[in-house]
Amino acid sequence: MEQRRREPGRQRGYLAGSVVAVLLWNLASAQLRYSISEEVNEGTVVGHVGKDLGLDKSTLKERKYRIVSSNADHLFHVNQNDGILYVSRKIDREEVCAQSSTCLINVKTVLENPLEVHYVGVEVQDINDHYPTFTEKDTTLEISESVLPGVRIQLQASRDPDSGHFSVQQYKISDNDHFRLEVKDKGEDGKIPILVVKKSLDRESAASHSLVLTAVDGGKPPKSGNMNILINVLDVNDNAPLFTKDVYSVMLNENAPVGTKVIQVNATDLDEGTNGEVVYSFTNSINPRLLKLFYINPSTGEIIVKGLIDYEEKEKYEIEIRASDKGFAPLATEKSVIIKIVDVNDNAPEIEVTSFSSSIPEDSRPGTTVVLISVNDLDSGLNGKVICSIGEDVPFALSPSLQDKMYSLVTKSPLDREKQSQYIITVTAKDAGQPPLSSEKTISVVVSDVNDNSPEFSLSPYTFYVTEANEPGASLFSVKALDHDENDNAHISYHILRDRSEDNKLTSFLSMNSDNGDILALKSFDFETLKTFQFHVVASDSGTPSLSSNVTVNVFILDQNDNAPVILYPVSSNGSAEGVEEIPRNVNAGHLVTKVRAYDADIGYNGWLLFSLQEVTDHSLFGLDRYTGQIRTLRSFTETDEAEHKLVILVKDNGNVSLSATATVIVKLVEPKEAFAASDVKSSAKAEEENNVTFYLMITLGSVSALFLISIIVLIAMQCSKSTDYTSKYLQETNYDGTLCHSIQYRSGDKRYMLVGPRMSIGSTIVPGSHANTLVLPDRRRMSEEVRLFL
């Protein structure tokens, strides 16, 4: 990625000193470096981070600008309003960085939307706030008088917790004639004072010498510390022990068990007796920390592990060993032993997860960052090389960052909350050591809902049957839709689709509950006026934007017996159902006197009419066909029979609550000649009347048949759309001519059904729930079949 550099920031004066910011900027992260003095007050400004990064101050709070470094958040804090980094408490450099020469605290800051990670390095500069000190205020040295000028005696070094220029810079010794002072620079271990004999000693002239050793640091003004040295001059022991090797160096594995032998040093002394017996020890200048880690056997010179050896704490130790004899005035020789620590894979990788949101929308595009992951391994080399991975059965992937050991968890494929609303992702970090060490971190990713599912109706289309004369305002039926989204995206409201088309005029008589899909009729339906109608219902969710779907609702009106039979013949001139028939007295049995014709606007059983004699003067003379309404003579007339007979015919339908009408026929017996003459006169009038009745009958029959045929065609079409085999035809009733009734036969699957007429075939049964207007016919293929309602 291309990098752009900016000019170093100008120096700024703050409460505790100068701060210098250097900005390294790329597309996703930036790094600043500031410096402050230790012990500055709480609230001291470290640097204008937001300004130096070129960030818009007005967006810092909205983007949740914050520190995420676990080791720095208690030392510093950043103001989200202006992007200024402040000191949270007084910083003691010696506490934070111990003996490190450079005290650099790395602060990791992040911004969201879009994700930006910026690294801020704060160098804590030392101030001269400590005095050099000696572990002992007084020390005693014993020097043989036989020592020659130039003999070097290493003294105890002073310790100053400050670092760099503020640590011990020089040593001074009080004026004297026999000794001078040299300073040996040990680098990390500081400067060591060495007492050098510059003039031969004479015990007889001076048995002891008192000196003052002064350690001075580099502060302005400098600070100092003193140690009193008493030198006792001993008698001759003129050979110091000598080590057998010029250099002692050894490799030691970290975590070596306590008691492990590190190395054995060896020194010899040419003197005899106690002056030649060698004793081994650490020098006085040894760092006190080393005394907790190592032990030297004074007799054998073996250096043994005493504490926990940790490569991550220090990679190399240099120990000063002293070999001294047991002479009255012991002589000693120092030698450095270098111990190099070998790294062992004893630290498992550490995983740190920074989450930027509690959930991720399901419509997030592939490559969207979910969380930021950083890994760290305290080991070195291959032991510290870490590889991160996650399972392959999740729609996420780890994307390496430009920053070392940083990864982004991103989406790799589209998400669908309706299939899975939460993912538990296990991040595994494994190093390359032998054997490798690994650690795991579980991340919960919640997928938030997006309105991407339209409501779905449970049926399509809906078919409902409504009995005519329904109660206005009562619920007729309901539709139901389901939305696979959640919350507002799944909250469904219903409404009827209304437009100005002719087919949709009936929707003005319907009302719908928008919450539960219940549909109410605002008026009663009349089967004789309306057989079927259709409308559309729309279901919409409450998402943004809202999604909707519609469904077709087919409604069939079921007939009720709400129409009484109407007498078409006989009808008198004043409109009453009365008529006079004249017949010759000499007619034979079976002679057709007349036929009563009637009509019922209902269908099925409700429109199936039956005729019966309610009143007759002589039951032996006349008979009535219950199906056709024909009145015939039962026998020949005799002289004793009366000349006029009154017949009252009852016409009733077959509804559950039967409705009826009556017609009155007056039969007059006349002599054959009178009947013949009367027949000529009446024939023309009756022919005209018959023509008018036939005309009105044809119109009525045609209208009713057309409406009924349309409803049956619609029904058949709907059933066919459900892949059901229908066949229908009109049944010819050759033996029926007394009632205007409709009969239609159709097939559904392997069953045959018939809307009943006046006659029922033997073996047919009434379909349950059909309001007595549908029959199931016996099937030759299967005589026993389950009865179902299709109308």
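Now for a look at the structure at hand. None of these values were measured; they are calculated from a predicted model.

Things to note about the packing of aromatic side chains
So, point 1. Per the counting criterion, the structure on display carries 12 aromatic pairs.
So, point 2. Measuring from ring centre to ring centre gives 6.2 Å for F243 and Y248, while their planes differ by 75°; the resulting arrangement is edge-to-face.
So, point 3. Classification of Y248 as buried rests on a relative accessible area of 3%.
So, point 4. On the basis of an interplanar angle of 35° and a centroid distance of 5.4 Å, the ring pair of F525 and F533 is categorised as tilted. Judged on exposure class, the residue F525 and its partner F533 are both buried.
So, point 5. In textbook terms, an aromatic cluster arises when at least three aromatic residues are bridged by ring pairs, as seen for F457, Y462, F464 and F477.
So, point 6. Above the ring of F509, the side-chain terminus of K523 is found at 4.3 Å from the ring centroid.

Structural notes on the pairing of strand β44 (residues 548-558)
So, point 1. Most of β44 is tucked away: 8 of the 11 residues are buried.
So, point 2. Of the pairings in the sheet, the one linking strand β37 (residues 462-467) to β44 comprises 6 bridges and is parallel in character. The residue of β44 that forms the bridge with Y465 is F556.
So, point 3. When strand β43 (residues 532-541) meets β44, the two strands line up antiparallel, connected through 9 bridges. Residue pairing for β44: F533 is matched across the bridge by V555.
So, point 4. In sequence, β43 turns back onto β44 through a hairpin of 6 residues.

A word on the nonpolar core
Where a protein is soluble and globular, its nonpolar side chains tend to be buried together.
So, point 1. Ranked by size, the top nonpolar core spans 29 residues in total, and within it F457, V479, F535, V537 and V553 carry the most contacts.
So, point 2. Mapped onto this core, the elements with two or more residues apiece are β37, β40 (492-496), β41 (510-512), β42 (518-521), β43, β44 and α5 (672-721).
So, point 3. Not counting chain neighbours up to four residues away, the residues in contact with F535 comprise F477, I496, N504, T507, L510, I519, V551, T552, V553 and V555.
So, point 4. Judged by nonpolar contacts, the second largest core, of 28 residues, contains Y280, F294, Y317 and V337.

Here is what the cut-offs are and how they apply
- Per-chain numbering applies: the sequence of each chain, read as written, is numbered from 1 onward.
- Two thresholds apply to this predicted model, a pLDDT of at least 70 for residue-level local features and 80 or more for giving and counting side-chain atom pairs, whereas whole-chain, interface and lining totals are computed over all residues.
- No hydrogens and no water enter the side-chain calculation; it runs on all heavy atoms of the structure.
- Only Phe, Tyr and Trp rings are paired, with Trp represented by its six-membered ring, and only when their centres lie within 6.5 Å; those with planes under 30 degrees apart are stacked, over 60 edge-to-face, the remainder tilted.
- Accessibility here uses a 1.4 Å probe with only protein chains present; expressed as a share of the type maximum, an area under 20% marks a residue as buried, one over 50% as exposed, and anything in between as partly exposed.
- In this scheme, Lys NZ or Arg CZ marks a charge over a ring once it lies within 6 Å of the ring centre and within 35 degrees of the ring normal.
- Here a strand is any run of E in DSSP of at least two residues, a helix any run of H or I of at least four, and the numbering for each starts at the N terminus.
- Paired strands, in this sense, are two strands between which DSSP finds at least two bridges.
- Only buried residues count toward a nonpolar core. Its members are Ala, Val, Leu, Ile, Met, Phe, Trp, Tyr and Cys residues joined through side-chain atoms within 4.5 Å.
- Any two residues having at least one pair of non-hydrogen atoms within 4.5 Å are treated as being in contact.

Read these as spatial facts, not as claims about activity.
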